[in-house]
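Each chain, written out:
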Amino acid sequence: MSYDVSLINSNVPHSARIWNYWLGGKDCYEVDRQVGDEIRAANPEITEIARAQRAFLARAVTHLVAEAGIRQFLDVGTGLPTADNTHEVAQRTAPESRIVYVDHDPIVLAHAAALLTSAPEGATDYIQADLCDPGTILERAAATLDFTQPIALMLLGITAHLTDDSAYEVVARLTDALPSGSHLVLCDDTEVIRPEQMRRMIEQWNEAGDNPRVNRSPEELARFFDGLDFVEPGLVSVSRWRPAPGGSEPPAEVDDFGGVARKP
């Protein structure tokens, strides 16, 4: 797998690298850290959101493998590899799991080898494609995934980059292609807990970044799940989606809501 290194510009802030920085990663440049710090100054919650979203991914995948019997995952907008990637979580419980990662950023392609370290019983693949092109995603994913068997579609923090109602059409195109018993895992930023900070963050992100975003209300996020059956507890702040037991109080809510739903 090769990529054009000239497509990577270390002088322009990049959303995947900024997110990696907030997660504690090192695959970023000084410009990414600078913009990341500026956005974090406007919204100190952003680091907590990034980490809560990553923990939500791990809990959702664990549920799908251990309780729903899912063995196939289509992870779109995966971002830069970090701890507990989808294939690592899934194959920890079911080594035969098959995972296809999708991202359009050359940055991610440069690090894709870290996403392809599958257990020998299973498989992983990486597709360079854009969420706006679901036809290409589905066509190429079929080389690794069996679309006659249930698949979990993972869309974490990615639909916000489709800033108009075309986002619903794209997600529907992907979910329509999945068989009965498949699941949608989706989450994205809201303006519920700290609305002013979240609005400032979006304004700053869109001024400084290379990939505009929009915050959606929980009601708007729920539209992505139309026709699907929510798994309990439904659409909630990701920190409160089946949190690890043991705490005396529920985890603090963050401005990122999501859920898991099954296709009938």
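What you see as residue numbers is a count from 1 along each chain, following the sequence as written. Where totals are concerned, whole chains, interfaces and linings use all residues; where local detail is concerned, this predicted model gives features only for residues with pLDDT of at least 70, and gives and counts side-chain atom pairs only at 80 or more. As a convention, hydrogens and water are excluded, and side-chain values are obtained from all of the structure's heavy atoms.

Draft legend 1. Summary view of the overall build of the protein chain. In this text, helices come from DSSP runs of H or I with a minimum length of four residues, and strands from runs of E with a minimum of two, each type numbered from the N-terminal end. The helix and strand tally for the protein chain stands at nine helices and eight strands. Based on C-alpha atoms, the radius of gyration is set beside the globule rule, defined as 2.2 Å times the residue count to the power 0.38. In summary, the protein chain has a C-alpha radius of gyration of 17 Å against a globular reference of 18 Å for 264 residues, a match within 12%. The criterion used for residue contact is that any of the two residues' heavy atoms lie within 4.5 Å. Restricting the contact set of the protein chain to residue pairs at least 6 apart, pairs at least 24 apart contribute 72%. A 1.4 Å probe and the Shrake-Rupley method give the accessible areas. Residues count as covered only by the protein chains that appear here. Carbon and sulfur atoms make up 48% of the accessible area of the protein chain, which amounts to about 11,400 Å² in all. Distance from the positive charge centre (22 side chains) to the negative charge centre (41 side chains) of the protein chain: 4 Å. For this count, His and the chain ends are skipped, Lys and Arg are scored as positive, and Asp and Glu as negative. Think of each charge as sitting on NZ of Lys, CZ of Arg, CG of Asp or CD of Glu.

Draft legend 2. Geometry of the packing of aromatic side chains. Between the rings of Phe, Tyr and Trp (Trp by its six-membered ring), a pair exists once the centres lie within 6.5 Å; its type follows the angle of the planes, with under 30 degrees stacked, over 60 edge-to-face, and the other angles tilted. Taken as a whole and assessed by the stated rule, the structure comprises three aromatic pairs. A ring pair is formed by Phe 56 and Trp 241, whose centres lie 5.7 Å apart and whose planes are at 80°; its orientation type is edge-to-face. Note that Phe 56 is positioned in helix 3 (residues 46–66) and Trp 241 in the loop between strand 7 (236–237) and strand 8 (256–262), a separation of 185 residues in sequence. Each of the two residues, Phe 56 as well as Trp 241, counts as buried. Each ring, one from Phe 225 and one from Phe 230, has its centre 4.7 Å from the other, and the planes form 40°; the classification is tilted. The partly exposed category is assigned to Phe 230, whose relative accessible area is 35%. Note on geometry: a ring has a charge over it if NZ (lysine) or CZ (arginine) is within 6 Å of the ring centre and within 35 degrees of the ring normal. Stacked on the ring of Trp 205, the Lys or Arg Arg 213 has its end atom at 5.8 Å from the ring centre. The ring of Tyr 168 is capped by Arg 223, whose NZ or CZ atom sits 3.7 Å from the centre of that ring. A 1.4 Å probe rolled over the protein chains alone gives each residue an accessible area, and that area as a share of the maximum for its type sets the label: buried under 20%, exposed over 50%, partly exposed in between.

Draft legend 3. The arrangement of the nonpolar core in detail. Counting residues in hydrophobic clusters, the biggest one holds 48 residues, and the most contacted among them are Trp 22, Phe 56, Val 61, Phe 73, Met 154, Val 185 and Val 260. Tallying contributions element by element places helix 3 first for this core, with 11 residues. The contacts of Val 260, once residues within four sequence positions are left out, are Phe 56, Ala 60, Leu 64, His 183, Leu 184, Val 185, Phe 225, Asp 229, Phe 230, Val 231 and Trp 241. Nonpolar cores were defined as sets of buried Ala, Val, Leu, Ile, Met, Phe, Trp, Tyr and Cys residues, with membership established by side-chain atoms within 4.5 Å. By size, the runner-up hydrophobic cluster in this structure holds 30 residues, among which are Ile 151, Ala 167, Leu 186 and Phe 225.

Draft legend 4. Region of the structure containing the pairing of strand 2 (residues 98–103). Among the six residues of strand 2, five are classified as buried, and the element is accordingly described as predominantly covered. With five bridges joining them, strand 1 (residues 72–76) and strand 2 adopt parallel strand pairing. Note on strand 2: the bridge partner recorded for Gln 72 is Arg 98. With respect to chirality, the unit in which strand 1 leads through helix 4 (residues 86–93) into the neighbouring parallel strand 2 is right-handed. Should DSSP find at least two bridges between two strands, the strands are taken to pair. Looking down the strands as they point away from the viewer, one classifies a crossover as right-handed if the path from the first strand across the helix to the second runs clockwise.

Draft legend 5. Focus on unusual backbone geometry. Here the amide bond leading from Glu 232 into Pro 233 is cis, since omega sits at 10°, within 30 degrees of zero. Note on placement: Pro 233 falls in the loop between strand 6 (229–230) and strand 7.

Draft legend 6. Here's a closer look at the confidence of the model for the protein chain. pLDDT is a per-residue confidence score from the predictor, ranging from 0 to 100. Looking at the protein chain, pLDDT values average 89 and 93% of them are 70 or higher. Residue range residues 1–7 is modelled with pLDDT below 50. Its contacts to residues more than four positions away, or to other chains, number nine contacts.

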